[in-house]
Amino acid sequence: MNQTLVVIGNGMVGHRLVEILRESSWRIVVFGEESRPAYDRVALSSYVDSWSSADLELPALAGCELRLGEKVVSVDRERRVVVGASGVEVSYDALVLATGSVPFVPPVPGRDLPGCHVYRTIDDLDDIRATVEAATRPGRRSGMVLGGGLLGLEAANALRGMGVSPHVVELAPRLMPIQVDEGGAGLLKRLVEKLDLTVHTGTSASSIERDGQRLIAKLASGLELDLDVVVFSAGIRPRTDLDLGLELGPRGGYLVDAACRTADPHVFAIGECAAVEGVTYGLVAPGYSMAEVVADQISGGTKVFPGADVSTKLKLLGVDVASFGDAHAQTEGALEVVVNNAVAGTYSKLVVSDDARTLLGGVLVGDASSYLSLRPLVGKEVPAALLQPGGAVDVEMPADAQVCSCLAVTKQTITDAIVSGVACDVAELKACTKASTGCGSCVPMLKKLLTECGVEQSKALCEHFTYSRAELFEIIRATRVTTFSALVEKHGTGRGCDICKPAVASILASLGNGHILGAEQVSLQDTNDRFLANLQRNGTYSVVPRIPGGEITPEKLIVIGEVARDYGLYTKITGGQRIDLFGATVDQLPEIWRRLVDAGFESGHAYGKSLRTVKSCVGTTWCRYGVQDSVGLAIELELRYRGLRSPHKLKSAVSGCARECAEARSKDFGIIATENGWNLYVAGNGGFTPRHADLLVSDVDTEELIRVIDRFLMFYIRTADRLQRTAAWLEGLEGGLDHLREVVVEDKLGICADLEAAMAAHVSDYADEWRGVLEDPEKLARFTSFVNAPGTPDPTISFRAERGQRVPVSLGIPEVAR
Amino acid sequence: MTVVCDFEALRPEQGVAALLPDGSQVAVFLTADGTLHALDNVDPFSGAAVLARGIVGDRGGVPVVVSPVYKQAFELSTGKCLDEPSVSVAVHPVRVRDGVVELT
Ligand SMILES: Cc1cc2nc3c(=O)[nH]c(=O)nc-3n(C[C@H](O)[C@H](O)[C@H](O)COP(=O)(O)OP(=O)(O)OC[C@H]3O[C@@H](n4cnc5c(N)ncnc54)[C@H](O)[C@@H]3O)c2cc1C
Ligand code: SF4
Ligand code: FES
């Protein structure tokens, strides 16, 4: 029989261990006190963006017995049996303790009052939210975070996201005392205060009292704070409440050796609850390497814990802070090189060995962009250039340097994957090396390595242009070129191809250059755009009239039915709440459209790289739960953005309440109604790689909503690659969602007026493409199967019946093996 | 001999389809340098008669048309498929006489 491994704790590290052992012969039983599947605690603060725990879930574990919501209450090491809270007993051959940490709550009188919370689990955040929402007194809500470290600042920022003004109280004379030195802390305080956090350093709370609706905190400094909510974030302690009679480390934690084994050879400890050779770690990366060690040990290996990098970077919007290595220069004889630029708001300190040859650590505040290249150099020789004032930080990394510290992936591993051809972009590197699947901060480094390895990160559109689509867009915009031939002559080579021609046609159309079948443009268009219909496998086309928001009158519905019947078109309801009519020949398209246009329909652009549909649920009009008019907004948006040419198709949806019946979060831009207005989510995707859209702005009114969507879409259109959906674009955007928000919400680049003007021009210039064809005999003349026999149908096309409709007879194509 | 259309009716870098008396079809292209090409209109990969509707351009300087169905490129002057060298489409002689395009 297989041996049994019992894991106590289904946190990040316990989960990782099981994932590694997934294919081993061990029978694995996991006890998790929390009732939900394992989730990404590192990203806990992002929970307040969506309040959807699904977004944080770690990959589901298959092939193990998961006992969620069941705490282990005792362990009998003699009998080798674990006892769960339900009374269940499981015997083990190996036992792994992965119980994590508990938040440390200082003994302040009043700390147990309702409204006082810790910040460790999803349930904690739900409780904090409930307290905040229950606060009914008028005016802005106010909160206190006790502890000004990394987690305290994250918690304060999360409170801010819930509409609470936070006070941060830190006993040490500066914020982030563990990571940041005196010099950097002053600047850090200023940056943090810009986020509307009130900072009190060098003091602590001496008591908390309830006063009716409020909590009153008295600080040692004499100040009294009037509060709705209190969050303790004063550090963590290894969680060892489960007493196995095993020795603990000097600062707590189950004491283990370098193999992560306790004094009992059957019992291991990993993650934050472990004191490896006496040392505990409060970061996930060391925990992951402990999981690797134990997985290897119980499979008969000899791996030991290699020690850990405790570098950290604050995950706080707008505040760049990082510290790495020996940040406080505690190494004997260490020297510091400090550059403090008060004007630019940047501080950097490098710590080097006494001979100024080895980099030991550093602190960066205000601009931590060099963190990624510096961190791997710790313990290595310092390039001399670094020590010059303002020295370049673009330095060569040694092969064994860790690029991704969360998953302990070295530069060598990554370059091997690239050079052997296993991975040629960030997504593939993620999949095969796991790099960047933790905090994600190493993505820019991965890109850099790809480029250094000469992977054609070349952004060249095709053999005819060395420019990326975004660059071409700027060239066309700046030079006002209006034809492909002029563009390729001046800025490209050759005559173009099926890649650059449609891409340029799309850019020209985005910039508003008349009908897409205008004089020269027609030769650039893909067949779909050329015939304003979607080519199907037998050479016929499908027809999709626009039905904004999915709302249609019976009269119009009847017209569609009549047209379909008269031309024998196969009819199908699409996923975008409209109707697709299949099987029209080139010759039939104008006649069909004449009838549709006469009945008040217009092109649905199903054929174009442009806005498809804005789906909607029925919203307040009919639905008992609706809080806003989702149909009205969907129609307004669809009419606003119809015909907008973009790097790829655009889909949207509007839901009338948080139940999300319109599936807005799987769209390029999705809107969900709230009591106070609208939440805008961007860069979602269904299809091959589904992605939930990210919250960009919340609780905005319709005017602000449209303003942000205008900017978002135009920014995407200008900067995305050819055929890159918004999801992939955002994933690849340097700085990600934060950067996007800086650009389109905060207008950091000062381009928003320009983006809005471009959208305004699109809206005012919009004209129905099909009407444009019907009114122009020259364009109409192209809709013939044969120039020498207009009106003669293509003899290769034939149909058969299936379930009462016409479907194509499959064309005999056996002579070519595909 | 089949009359296709007036030369004036052709647009550079675009194709048109012509029906032959035997029911077969030919795609006729005018390239930017003024050269005429004629290939079978049926795309051998999909079986659909659509090559005339493909995008005309060049691959490494060789004039091609790209099938709109699965995007293989065919060399205009030889009919050879550049993506699958074992496949090709027939080439037809084409000329302009008195301003009229003819397949001979
Ligand atoms: C807000 C926040 C931000 C963070 N940011 C970062 C960061 O940027 N970088 C970084 O490296 N780290 C960060 N961390 C720390 C990181 O989350 C932890 O290092 C990591 O989660 C540790 O994993 P673990 O498995 O040891 O413990 P945990 O993830 O805490 O899991 C322990 C689990 O064991 C369960 N458990 C305990 N006792 C029992 C029992 N008797 N029976 C059954 N189950 C039990 C607990 O309920 C818990 O679910 C952050 C933490 C927080 C809270
Ligand atoms: S999303 Fe809300 S408003 Fe819309 S249909 Fe569903 S429950 Fe009703
Ligand atoms: S450094 Fe955190 S994921 Fe790579």
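Where an unreviewed UniProt entry is consulted, chain B appears under the name Nitrite reductase (NADH) small subunit, with the organism given as Lentzea jiangxiensis.

Looking at an unreviewed UniProt entry, one finds chain A named assimilatory sulfite reductase (ferredoxin) and attributed to Lentzea jiangxiensis. Taken from UniProt, the Pathway (unreviewed entry) comment for chain A reads in full: "Nitrogen metabolism; nitrate reduction (assimilation)." Under the heading Function (unreviewed entry), UniProt records this for chain A: "Catalyzes the reduction of sulfite to sulfide, a step in the biosynthesis of sulfur-containing amino acids and cofactors."

Asks: Explanation requested: the overall build of chain A in the structure shown.
Replies: Along its length, chain A carries 24 helices and 38 strands. Taking contacts inside chain A between residues at least 6 apart in sequence as the whole, the part at least 24 apart equals 59%. Carbon and sulfur atoms form 51% of the exposed surface of chain A, whose accessible area is close to 34800 Å².

Asks: Explain the overall build of chain B here, please?
Replies: Helix and strand counts for chain B come out as zero helices and nine strands. Sequence-ordered secondary structure for chain B, helices as α and strands as β, is β-β-β-β-β-β-β-β-β.

Asks: It is not clear to me how helix H1 (residues 12-20) of chain A should be interpreted in this structure. Could you clarify?
Replies: All names here are of chain A. Here H1 lies mainly inside the structure; eight of its nine residues are buried. Along H1, the residues classified as buried are Met12, Val13, Gly14, His15, Arg16, Leu17, Val18 and Glu19. The inward-facing, buried residues of H1 contact strand E1 (4-8), strand E2 (27-32), strand E7 (94-97) and helix H6 (284-298).

Asks: What am I meant to see in helix H4 (residues 150-161) of chain A here?
Replies: Every α-helical turn comprises 3.6 residues, leaving residues that sit three or four positions apart pointing alike. Residue and element names in this part refer to chain A. Given a rise of 1.5 Å per residue, 12 residues ought to cover 16 Å, and the 17 Å separating the end C-alpha atoms of H4 matches this to within 8%. Where burial is concerned, most of H4 is hidden: nine out of the 12 residues are buried. Three or more residues of H4 are buried, namely Leu150, Gly152, Leu153, Glu154, Ala155, Ala156, Asn157, Ala158 and Leu159.

Asks: What's the story with empty space enclosed by the protein in this structure? I'm lost.
Replies: A water-sized probe rolled over the atoms picks out the places where empty space is left. All names here are of chain A. Applying the stated criterion across every chain yields a total of three cavities of 30 Å³ or more. When its volume is computed, the largest cavity comes out at roughly 50 Å³. Lining the largest cavity, in full, are Pro103, Tyr119, Leu151, Phe232, Ser233, Ala234, Gly235 and Ile236. Taken together, the residues of the lining of the largest cavity break down into six nonpolar, two polar and no charged. By volume, the second largest cavity amounts to about 40 Å³. Every residue lining the second largest cavity is listed: Leu532, Ala533, Asn534, Ser542, Val543, Val544, Trp593, Ser603, Gly604, His605, Ala606 and Tyr607. Each residue belonging to the lining of the second largest cavity can be placed in one class, and the counts come to seven nonpolar, five polar and no charged.

Asks: Honestly, the side chain of asparagine 10 of chain A in this entry has me stumped. Any pointers?
Replies: Relative to the helices and strands, asparagine 10 of chain A resides in the loop between E1 and H1. Among residues more than four places away in sequence, those in contact with asparagine 10 of chain A are His15, Val30, Phe31, Gly32, Arg36, Pro37, Ala38, Leu61, Leu66 and Leu68 of chain A.

Asks: Hey, could you run me through the pattern of salt bridges in this one?
Replies: It is possible for side chains bearing opposite charge to pair when their charged atoms get close. Residue and element names in this part refer to chain A. Per the stated rule, a full pass over the model turns up 57 salt bridges over all chains. The residue glutamate 65 makes a salt bridge to arginine 27 at a minimum N-O spacing of 3.3 Å. In this pair, glutamate 65 sits in strand E3 (residues 65-68) while arginine 27 sits in strand E2, placing the two residues 38 residues apart along the sequence. With its nearest N and O atoms 3.1 Å apart, the salt bridge here joins aspartate 181 to lysine 349. Of this pair, aspartate 181 sits in the loop between strand E11 (164-170) and helix H5 (182-193) while lysine 349 is found in strand E24 (residues 346-352), placing the two residues 168 residues apart along the sequence. Its relative accessible area of 9% is what places aspartate 181 among the buried residues. By relative accessible area, lysine 349 is classed as buried at 1%. Several salt bridges converge on common partners, so that one network encompasses Glu33, Lys71, Arg239 and Asp241.

Asks: Help me out: how do you make sense of the nonpolar core in this one?
Replies: The nonpolar side chains of soluble globular proteins are, as a tendency, buried together. Residues and elements named next belong to chain A. With 82 residues, the main nonpolar core has Leu5, Leu17, Leu95, Leu97 and Ile270 as its most contacted residues. When residues in this core are grouped by element, the largest group, eight residues, is from H6. Mapped onto the domain boundaries, this core takes at least three residues apiece from domain 1 (4-102 + 238-298) and domain 3 (397-457). When sequence neighbours within four positions are dropped, the list of residues in contact with leucine 97 reads Ile8, Leu242, Leu244, Tyr254, Val267, Phe268, Ala269, Ile270 and Cys273. Counting 58 residues, the second largest nonpolar core, distinct from the first, contains Leu472, Leu730, Leu740 and Val744.

Asks: I would appreciate a short explanation of the environment of cysteine 623 of chain A in the present structure.
Replies: All names here are of chain A. Its place among the elements puts cysteine 623 in the loop between strand E32 (611-616) and helix H18 (630-641). Its relative accessible area of 30% is what places cysteine 623 among the partly exposed residues. Placed 33 residues apart in sequence, cysteine 623 and glycine 656 show a C-alpha to C-alpha distance of 8.4 Å.

Asks: Help me out: how do you make sense of the environment of leucine 639 of chain A in this one?
Replies: Residues and elements named next belong to chain A. Take leucine 639: it is sitting in helix H18. Sequence-wise, leucine 639 and valine 614 are 25 residues apart; in three dimensions their C-alpha atoms are separated by 9.3 Å. Apart from the residues within four sequence positions on either side, leucine 639 is in contact with Pro548 and Glu602.

Asks: In this structure, what is going on with the interface of chain B and chain A? I would like to understand it.
Replies: By a widespread convention, an interface's size corresponds to the accessible area lost as its parts come together. Of the residues lining the interface, 44 residues belong to chain B; the matching set on chain A comes to 38 residues. Here chain B and chain A share an interface that buries about 3100 Å² over both sides, 51% of which is from carbon and sulfur atoms. When the area that chain B buries against chain A is broken down by residue, the three leading residues are Arg53, Ile55 and Asp58 of chain B, summing to 24%. Linking chain B with chain A are five salt bridges. In this structure, arginine 495 of chain A and aspartate 33 of chain B form a salt bridge, with 3.9 Å as the shortest nitrogen-oxygen distance.

Asks: What is the right way to look at the packing of aromatic side chains in this model?
Replies: Any two aromatic rings considered together are summarised by their centre-to-centre distance and by the angle between their planes. Counted by the stated rule, this structure contains 14 aromatic pairs over all chains. Summarising the aromatic geometry, the rings of phenylalanine 715 of chain A and tryptophan 729 of chain A are spaced 5.7 Å apart at their centres and angled 75 degrees between planes, so their arrangement reads as edge-to-face. With phenylalanine 715 of chain A in helix H19 (residues 702-719) and tryptophan 729 of chain A in helix H20 (residues 726-732), the pair connects residues that are 14 residues apart, well separated along the chain. The two residues phenylalanine 715 of chain A and tryptophan 729 of chain A agree in class, both being buried. Through a chain of ring-to-ring contacts, the aromatic side chains of Phe531, Tyr541, Trp593, Trp770 and Phe783 of chain A assemble into a single cluster. The ring centre of tryptophan 51 of chain A lies 4.3 Å from the NZ or CZ of arginine 129 of chain A, which sits over that ring. Sitting over the face of the ring of phenylalanine 531 of chain A, arginine 53 of chain B holds its NZ or CZ atom 5.8 Å from the ring centroid.

Asks: Hey, could you run me through the sheet that holds strand E30 (residues 570-573) of chain A in this one?
Replies: All names here are of chain A. Here four strands make up an open sheet; going across it, the order is E28-E29-E31-E30 and the pairing antiparallel. Each end of this open sheet is capped by a strand with a single partner; those strands are strand E28 (534-535) and E30. Pairing analysis gives two bridges linking E28 to strand E29 (residues 541-543), with the strands arranged antiparallel. If you follow leucine 535 over to E29, its bridge partner there is tyrosine 541.

Asks: Explain the environment of threonine 585 of chain A here, please?
Replies: Residues and elements named next belong to chain A. Within the secondary structure, threonine 585 is located in the loop between strand E31 (579-584) and helix H17 (588-598). According to the relative accessible area criterion, threonine 585 is buried, its value standing at 13%. Separated by 199 residues in sequence, threonine 585 and threonine 784 place their C-alpha atoms 8.8 Å apart.

Asks: Is there a simple way to explain unusual backbone geometry in this structure?
Replies: The phi angle of most residues is negative, glycine excepted, and most peptide bonds adopt the trans form. All names here are of chain A. Notably, histidine 605 is not glycine yet its phi reads approximately 50 degrees, a positive angle. Structurally, the position occupied by histidine 605 is in the loop between H17 and E32. Look at histidine 605 and you get buried, because its relative accessible area is 0%.

Asks: For this particular structure, what's the right way to read the packing of H19 of chain A against helix H21 (residues 736-744) of chain A?
Replies: The axes of two packed helices give the description: the angle between them and the distance between them. Residues and elements named next belong to chain A. Interaxial distance between H19 and H21 falls to 10 Å at its minimum, and their mutual angle equals 115 degrees. The handedness of the crossing between H19 and H21 is right-handed. Seen from H19, the contacting residues are Val708, Arg711, Phe712 and Phe715; seen from H21, they are Leu740, Val743 and Val744. Partitioning the contact of H19 with H21 into residue classes produces six nonpolar, no polar and one charged.

Calculation criteria
- Residues numbered from 1 in each chain as written.
- Chains lettered and ligands numbered in written order.
- Predicted model: local features only at pLDDT ≥ 70, side-chain atom pairs only at ≥ 80, totals over all residues.
- Heavy atoms only, no water.
- UniProt positions renumbered as here; feature names shortened; annotations may be inferred.
- Helix = DSSP H or I, 4+ residues; strand = E, 2+ residues; numbered from the N terminus.
- Contact = heavy atoms within 4.5 Å.
- Areas by Shrake-Rupley, 256 points an atom, 1.4 Å probe, with all protein chains shown as cover.
- Buried < 20%, exposed > 50% of the residue type's maximum accessible area, 1.4 Å probe, protein only.
- Expected span 1.5 Å × (residues − 1).
- 1 Å grid on protein atoms, 1.4 Å probe; cavity = no way out; pocket = protein on both sides within 12 Å on 5 of 7 lines; lining within 4 Å.
- Points joined across faces, edges and corners; volume = space filled by probe spheres on them.
- Nonpolar A, V, L, I, M, F, W, Y, C, P; charged D, E, K, R; others polar.
- Salt bridge = Lys/Arg side-chain N within 4 Å of Asp/Glu carboxyl O.
- Core = buried A, V, L, I, M, F, W, Y, C linked by side-chain atoms within 4.5 Å.
- Domains from an automatic or database assignment.
- Buried area = accessible area lost by both parts, 1.4 Å probe.
- Phe/Tyr/Trp six-rings, centres within 6.5 Å; stacked < 30°, edge-to-face > 60°.
- Lys NZ or Arg CZ within 6 Å of the ring centre and 35° of its normal.
- Pairing = 2+ DSSP bridges.
- Axes fitted to C-alpha atoms, helices over the stretch in contact; angles between N-to-C directions.
- Left-handed = near helix turned anticlockwise from the far one by under 90°.

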